[in-house]
Amino acid sequence: MRSDNNTQIKLDPQRIPQHVAIIMDGNGRWAKKRLLPRIAGHKQGMDNVRTITRAASALGIKVLTLYAFSTENWKRPKDEVSYIMSLPVTFFNNFVPELIEQNVRVMIMGDLTALPESTRSACARAIADTAHCDGMILNFALNYGGRDELRRAVQQLAQEAEDGKRQARDIKDTDIDAALMTAPLGKLADPDLLIRTSGEERISNFLLWQIAYSELVFTDRLWPDFSADDLRSACADYASRDRRFGAVK
Ligand code: IPE
Ligand code: IPE
Ligand code: MG
């Protein structure tokens, strides 16, 4: 990622990514560096969601998808998992009024049935309370896995074929799009820009179908430290890319 003086970066409004997805990684290492328990990193990470949401909305980003908990994160210690599950409750309790003020609409994708009841109801309330907002969409991936999403889509399409509602040979890419958890995002379902913080350069089961042509930005910054300027910098990097989608210009 560019390391120039970020506040100086001028962004061409024509080249702002419409859908930005972020793998918010590095909370544990942020805490470890400070000799704090891992959950302190998650708390700081949650506070940073507020900062980055505000920054993304101000930049004119239309959809901000944040990977908050993967289908594999259940493998973590029980205490850590339950702390992470309490964060949506705190986050939405504190920030929904601010989100409404910024005209931000909350959406959530993932298998919510497996979440604690308090987490689920906090999510449902935030979705309902911001349903009228038509500015940026703040889309959380919670208990989300790309393979889980694809398996569900395959099951749905196979069931429809079995029921005689469609012919297997007629299944199109757009039918798959419509069966995925990003379907409510319509034309904005595929991220233009995918950012991963913390220095890891892998996808970790995020949006496997939708990132086919996303621009990728990896930064060493740990998620709690990822700033509005870092977001601008990633957007500037994005703006400098030549997206060819397999064609010749
Ligand atoms: C990302 O930070 C948050 C979640 C996966 C829930 P981590 O908790 O993965 O932080 P590191 O990778 O251990 O530093
Ligand atoms: C990916 O981070 C999941 C989220 C950020 C929610 P992980 O920390 O779980 O990924 P791995 O284990 O390093 O691949
Ligand atoms: Mg991690």
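In this report, the structure presented in the accompanying data block is examined. (Residues numbered from 1 in each chain as written. Chains lettered and ligands numbered in written order. Predicted model: local features only at pLDDT ≥ 70, side-chain atom pairs only at ≥ 80, totals over all residues. Heavy atoms only, no water.)

1. Considering the site of ligand 1
Then, in step 1: Taken together, Met24, Asp25, Gly26, Asn27, Gly28, Arg29, Arg38, His42, Ala68, Asn73, Arg76 and Ile84 form the complete shell of residues around ligand 1.
Then, in step 2: For ligand 1, an oxygen atom lies 2.8 Å from a polar atom in the side chain of Arg38.
Then, in step 3: Calculation on ligand 1 without its partners gives an accessible area of 380 Å², and the protein chains cover 86% of this total.
Then, in step 4: Comparing atom positions with the cavity grids shows ligand 1 to sit within the largest pocket.
Then, in step 5: Among the elements of the structure, helix 1 (27-33) and helix 2 (38-59) are those that each provide at least two residues to the shell around ligand 1.
Then, in step 6: Here the shell around ligand 1 gets 3 residues from one element, more than from any other, and that element is helix 1.
Then, in step 7: Its residues assigned to classes, the shell around ligand 1 comprises 3 nonpolar, 5 polar and 4 charged. (Near = heavy atom within 4 Å. Polar contact = N/O pair within 3.5 Å; in protein donor to acceptor, adjacent residues only side chain to side chain. Areas by Shrake-Rupley, 256 points an atom, 1.4 Å probe, with all protein chains shown as cover. 1 Å grid on protein atoms, 1.4 Å probe; cavity = no way out; pocket = protein on both sides within 12 Å on 5 of 7 lines; lining within 4 Å. Sits in = over half its atoms within 2 Å of the grid points. Helix = DSSP H or I, 4+ residues; strand = E, 2+ residues; numbered from the N terminus. Nonpolar A, V, L, I, M, F, W, Y, C, P; charged D, E, K, R; others polar.)

2. Side note on the site of ligand 2
Then, in step 1: If you check the shell around ligand 2, you find Ile23, Met24, Asp25, Tyr67, Ala68, Phe69, Asn73, Arg76, Arg196, Arg202 and Ser204 and nothing else.
Then, in step 2: Residue Asn73 places a side-chain N or O atom 2.9 Å away from an oxygen atom belonging to ligand 2.
Then, in step 3: At 3.3 Å, a side-chain N or O of Arg196 approaches an oxygen atom of ligand 2.
Then, in step 4: For ligand 2, whose free accessible area comes to 390 Å², the fraction covered by protein is 76%.
Then, in step 5: Taken together, the residues that form the shell around ligand 2 break down as 5 nonpolar, 2 polar and 4 charged.

3. Considerations on helix 3 (residues 78-101)
Then, in step 1: Taking 1.5 Å per residue, 24 residues should reach 34 Å; helix 3 reaches 35 Å between its end C-alpha atoms and fits that length.
Then, in step 2: Along helix 3, the residues classified as buried are Glu80, Val81, Ile84, Met85, Leu87, Pro88, Phe91, Phe92, Phe95, Val96, Glu98 and Leu99.
Then, in step 3: Just downstream of helix 3, Asn103 is the residue with a positive phi angle, here 65°. (Expected span 1.5 Å × (residues − 1). Buried < 20%, exposed > 50% of the residue type's maximum accessible area, 1.4 Å probe, protein only.)

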